[in-house]
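# Residue-level structure breakdown
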Amino acid sequence: MRSLNIKESLQLFTLLIDDTVDEKFVMQVVKHAAGIPLVLEHWSCHFKHKERKQWPGVLNTLKRIPHGDVKKMLQVGYDSLPNRGKKLFLDISYFFDGMEKDLAVKVLQDEDSPFFPDDEIQCLVNRRLVNIGFDSRVSMMNRAIREMSHEIVRLENQDKPGQRTRLRDPRDVVRVLTQHSGTESVQSIRLDYHDKKQDITVEAESLRGMRNLELVKLSCYHLSWSCSNDEMPSFSFQMLKYMEWYGYPFRSINIDMSNVVVLRLRHSKLEILWEGIKSLKKLRILDVNDSSSLTRTGDFYGLENLEELYLAHCRNLQELHSSVGCLHKLAILDLRGCTNLKSFPWEMIGKLQCLQQLKLTDCPNIIVLGFPLSRVKKGSNKGIFLQRKSCKVSSLYRLEKKKRKYHRGTESAAENKEKQGSSLKGKSSA
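Residues numbered from 1 in each chain as written. Predicted model: local features only at pLDDT ≥ 70, side-chain atom pairs only at ≥ 80, totals over all residues. Heavy atoms only, no water.

On to the overall build of the protein. Looking only at helices and strands, the protein features twelve helices and 15 strands. Within the protein, buried positions represent 47% of all 430 residues. For the protein, long-range pairs separated by at least 24 residues make up 53% of all intrachain contacts whose partners lie at least 6 apart in sequence. When the accessible surface of the protein is split by element, carbon and sulfur atoms take 47% of a total near 22200 Å². (Helix = DSSP H or I, 4+ residues; strand = E, 2+ residues; numbered from the N terminus. Buried < 20%, exposed > 50% of the residue type's maximum accessible area, 1.4 Å probe, protein only. Contact = heavy atoms within 4.5 Å. Areas by Shrake-Rupley, 256 points an atom, 1.4 Å probe, with all protein chains shown as cover.)

Opposite charge on two side chains permits pairing when their charged atoms draw close. In the structure shown here, the tally under the stated rule is 23 salt bridges. A salt bridge links Asp 192 to Arg 168, with the nearest nitrogen and oxygen atoms 4.0 Å apart. Residue Asp 192 is found in the loop between strand S4 (188–191) and strand S5 (200–203), and its partner Arg 168 is found in the loop between strand S3 (166–167) and helix H10 (170–179); the two are separated by 24 residues along the sequence. Looking at Arg 168, the relative accessible area reads 22%, which means it is partly exposed. A salt bridge links Glu 275 to Arg 251; its shortest N-O distance comes to 3.8 Å. With Glu 275 in the loop between strand S11 (262–264) and strand S12 (285–287) and Arg 251 in the loop between strand S9 (242–245) and strand S10 (255–256), this pair connects stretches of sequence that are 24 residues apart. Arg 251 sits in the buried class, given a relative accessible area of 18%. Bridged by salt links that share partners, the residues Lys 87, Asp 91, Arg 166 and Glu 214 form one connected network. (Salt bridge = Lys/Arg side-chain N within 4 Å of Asp/Glu carboxyl O.)

Membership of the largest hydrophobic core comes to 65 residues, with the highest contact counts inside it found for Leu 286, Leu 333, Leu 335 and Phe 344. Looking at this core, the elements with two or more residues in it are H10, S4, S5, strand S6 (215–218), strand S7 (223–226), S9 and helix H11 (346–349). For this core, the leading source of residues is H10, giving four residues. Beyond its immediate sequence surroundings of up to four residues, Leu 335 is in contact with Leu 311, Ala 312, Leu 317, Leu 320, Leu 341, Phe 344, Lys 359, Leu 360, Thr 361 and Cys 363. Formed by 56 residues, the second largest nonpolar core is a distinct cluster that contains Phe 47, Met 73, Tyr 78 and Leu 103. (Core = buried A, V, L, I, M, F, W, Y, C linked by side-chain atoms within 4.5 Å.)

Attention shifts here to the pairing of S9. The side-chain alternation of S9 yields two buried faces, one formed by Tyr 242 and Glu 244 and the other by Met 243 and Trp 245. The pairing of S6 with S9 spans four bridges and is parallel. By the bridge assignment for S9, Val 216 is matched with Met 243. Bridging between S9 and S11 involves three bridges; their strand directions are parallel. For Tyr 242, the partnering residue across the bridge sits in S11 and is Val 262. (Pairing = 2+ DSSP bridges.)

Now for the side chain of Asp 287. With respect to the helices, strands and loops of the structure, Asp 287 is situated in strand S12. Its relative accessible area of 0% is what places Asp 287 among the buried residues. Within the structure, the side chain of Asp 287 is placed 3.0 Å from the backbone nitrogen of Asn 289, a separation counted as a polar contact. Contact partners of Asp 287, with chain neighbours within four places excluded, come to Leu 263, Arg 264, Leu 265, Arg 266 and Tyr 310. (Polar contact = N/O pair within 3.5 Å; in protein donor to acceptor, adjacent residues only side chain to side chain.)

And the structure:
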């Protein structure tokens, strides 16, 4: 990007500040910005969020930044944030970058806390640190801001990534996992890929030391997990809010994570979700799609706030536990491709007042008799829809309509018969 001359810098900054400002004061600002448009844009936002009487102090702070050090110049906005704003900014940079804003808000929202992530994200947007795209995904404002945020975390410990608060660089994540060097300092891990084509084997035990993890995403296809048996070690992640673990290698979920909001374990080796009752009162989304070894779901009591349940393409799943009827906030139930599903609690499904989407494509063994559709919300685009390809769920609404018509017909016939009987009885009496 071309640097601006003094005149161009003055014009840009004056336009951005959108206020009447003393030209001598503006001159001091633009000279120190070294004609870098990105810095001028960032600094203008910083001044706009300060009272006019604070501006000289802000200028003195800017003057202490080495001339031309863009990262330090951009860090001014970050340094002025309160602690909760700094944490959110780094969480977005290291974890939520590229994810939907609504999902981030859902994960970070805590009814027991005065923290309102929706408002705080908007504050970061206003300060030109974060951007919300046309697709409602949250991201860093630009590459320079992203690099600045990564440098802040790297400087927490330059030599030992396992002692930093956040990990995202694939080399750092793999190093920490293979060397078992993660500590209680680590709050988030995100691994989407690795630049090496060969598979990397990691021991599940390597996660034990990171007991303060809040956000975990392990979606690397080249990462395989080793353990002494198919039972997961008993881990406690009390701070955990989001876990996404591609290829989860254990037969059941045996993690103490009472605060988890989103749990995605696609392509897992799960055989059952859990034994007994699991208390996950904050869980909103449970996704175990493509877990081909899953045969039973387990009990759903303790998940009263669950909104979305994804079991698609679990081709060996044979039954859905009848306790699904206790999920009164469930809006989405996805069972596409569960080709061996034989037992389905239709009466319990009928109790789900919030259900909007019931997906049953390619479930050839389900037979529908007496499903109480009248209890389930019906709509067009946002209402419940039942996909019927290769499925014996053949036009449930027409079935229900025919049932009602039949019952009305039999009732009318009975009434007519009773009337005729009464009429005949009257005539015979006469």
